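Listed below, chain by chain, are the residues.
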Amino acid sequence: MNFSSPICAVVLVLIVAKWAVELWLRRLNQQHVLAHAGAVPQAFRDSIDPATYSKSVQYTLAKSRLSEFEDSYSTVILVAALFSGILPWAFSAFTNQFGQSAWASAAFLFVTGVALSLPNLPVEWYAQFRLEERFGFNTTTQKTWWLDHLKQLLLGLTLGYPLLALVLKLAEWTGRWWWLWAWACLLAFELLMLVLAPVLIMPLFNKFTPLPPGTLRERLLALARRAAFRAKDIQVMDGSKRSRHSNAFFTGFGRFRKIVLFDTLVQQLAEAELEAVLAHEIGHYKKRHIPKMLVWSAAALMLGFFLLAKLAQANWFYGAFGFTPGNFAAALLLFGLLSGVVTFWFSPLGHYWSRRYEYQADAYAAQTMGEPRSLIGALRKLTEKNLANLTPHPLFSGFYYSHPALLEREQALARLSHEIEKS
Ligand SMILES: [Zn+2]
């Protein structure tokens, strides 16, 4: 590395600052959880027993400690990759062997990406087969776990690799506005994936089946009719193949929409509670949350490509990390490695918007159901069964949570029910 380069110092400061803030927030949260660990907080005394509460505290702390390790470990790997000189060395070795065509450069980027993700594999394995196992969540077999990773690798090879080659080709072909072309192509790819992923990719990992006939199906179909939502898009996924955690989600847009309930959720919740969860997911559709998020991500992607185009022209950017200036693949690699150090500081903003959407979907569900009790019941059971943290530190949840904490959601729903009564 070039120690005299001020850019190296700036990058190092950004990396260390991110790591320090991550550790600080995790410690803050751990202390907050421990400070409330003595007894079930007042607000939850009716809904959770002391044994489950203490188990949720232990689970939260165990996960937090593992995340501390992961934060530190990935920081060390990033610093080593950026400053040891291994990347420029590997790049020139690779291009000497395979040339500098777009396909060869894309192969180098792909292989480097895979190589840099390998050190995290043992941590992932430990999280699934030790930590999740210890708290009774793991149902993944070794075979499923390895097959999942193999499938992800093959998906990367068939989708990610050609996409990388396309971006490199566009940079060659389309002149100074290449980054707008690349942005448009990536955006088109993102839209295509939103449509194709539920049909082609998700079934590679899970089985999706329509709701079986019965009272639950009748009830959910009736709700879908009331909300004018095409009901054949409600499906059950075999989440229990990997974990006892339960969930539900909404994906796609327009005609390509789909609501998925985990089989674990269907087992855990009462029918009225499942109805409320479905109403919440339909709320995401009705409030157009996915198209709105797409607009934001398109804007962020455009900004990203614009910055990449600027950096790719700057000799100091290459020089700081030991690369020969002007090789676009090197700029793309450095940009990919460094983008997380910058986007980290903006992630609370994204999470803030995501929480707003959750409140809106909750409100839609309560209005559609005519009462908030079923949704509150569902949220409480979800929190309990997943051993979710009931007492996150406000700064921690503000920074990291894409969904509001249980207490915040209950309070918002209580305010709403007062309003419904008044009107
Ligand atoms: Zn939601």
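For the structure, check the block above.
Okay, helix α5 (residues 121-134) next. With 14 residues, α5 ought to run about 20 Å at 1.5 Å a step, and its terminal C-alpha atoms sit 19 Å apart, in line with that. Helix geometry: α5 is bent most strongly at Ala-127, by close to 30°. Looking at α5, one finds that the buried residues are Leu-121, Val-123, Gln-128, Phe-129, Leu-131 and Glu-132. Tucked into the core, α5 has its buried residues touching α2 (50-83), α4 (102-117) and α6 (142-173). Gly-136 sits one or two positions beyond α5 and adopts a positive phi of about 80°.

Turning next to the sheet that holds strand β4 (residues 258-262). Strand order in the open sheet formed by four strands is β1-β2-β4-β3, and the pairing between neighbours is mixed. Only two strands of the sheet have a single neighbouring strand rather than two, namely β1 (208-210) and β3 (248-251). Averaged over all neighbouring strand pairs, the angle between strand axes comes to 30°, with direction disregarded. Of the pairings in the sheet, the one linking β3 to β4 comprises four bridges and is antiparallel in character.

His-280 (NE2), His-284 (NE2), Glu-358 (OE) and Glu-358 (OE) make up the full set of protein donors to the zinc ion, lying at 2.1 to 2.8 Å. Every donor counted, the four donor atoms about the zinc ion form angles of 51 to 135° at the centre, which fits irregular coordination. For the zinc ion, the single-chain donor residues occur in sequence as H-x3-H-x73-E. A residue pair is termed long-range when its members are at least 10 positions apart, and His-284 in helix α10 (residues 271-286) and Glu-358 in helix α14 (residues 347-369) qualify at 74 residues. No difference in accessibility class separates His-284 from Glu-358, as the two residues are buried.

So, about unusual backbone geometry. Of note in this structure, Ala-228 is not a glycine but carries a positive phi near 55°. Tracing the backbone through its elements, the reader meets Ala-228 in the loop between α8 (215-226) and β2 (234-237).

Quick look at the side chain of Ser-417 now. Turning to its location among the elements, Ser-417 is positioned in helix α17 (residues 406-422). A polar contact is formed between the side chain of Ser-417 and the backbone oxygen of Ala-414, at a distance of 2.9 Å.

Glancing now at a nonpolar patch on the surface. A surface patch of nonpolar side chains, about 420 Å² in accessible area, is lined by Leu-147, Leu-150, Leu-153, Leu-154 and Leu-157. For Leu-157, a relative accessible area of 40% gives the class partly exposed.

Criteria and cut-off values
- Residues numbered from 1 in each chain as written.
- Predicted model: local features only at pLDDT ≥ 70, side-chain atom pairs only at ≥ 80, totals over all residues.
- Heavy atoms only, no water.
- Helix = DSSP H or I, 4+ residues; strand = E, 2+ residues; numbered from the N terminus.
- Expected span 1.5 Å × (residues − 1).
- Bend = angle between axes of the 7 residues up to and from the residue.
- Buried < 20%, exposed > 50% of the residue type's maximum accessible area, 1.4 Å probe, protein only.
- Contact = heavy atoms within 4.5 Å.
- Pairing = 2+ DSSP bridges.
- Axes fitted to C-alpha atoms, helices over the stretch in contact; angles between N-to-C directions.
- Donors = N, O, S within 2.8 Å, 3.2 Å for Na, K, Ca; no water.
- Tetrahedral: all angles 85-135°; square planar, octahedral: opposite > 155°, others 65-115°.
- Polar contact = N/O pair within 3.5 Å; in protein donor to acceptor, adjacent residues only side chain to side chain.
- Patch = residues over 30% accessible without salt bridge, like charges linked within 9 Å, V, L, I, M, F, W, Y side chains within 5 Å.
- Areas by Shrake-Rupley, 256 points an atom, 1.4 Å probe, with all protein chains shown as cover.
- Salt bridge = Lys/Arg side-chain N within 4 Å of Asp/Glu carboxyl O.

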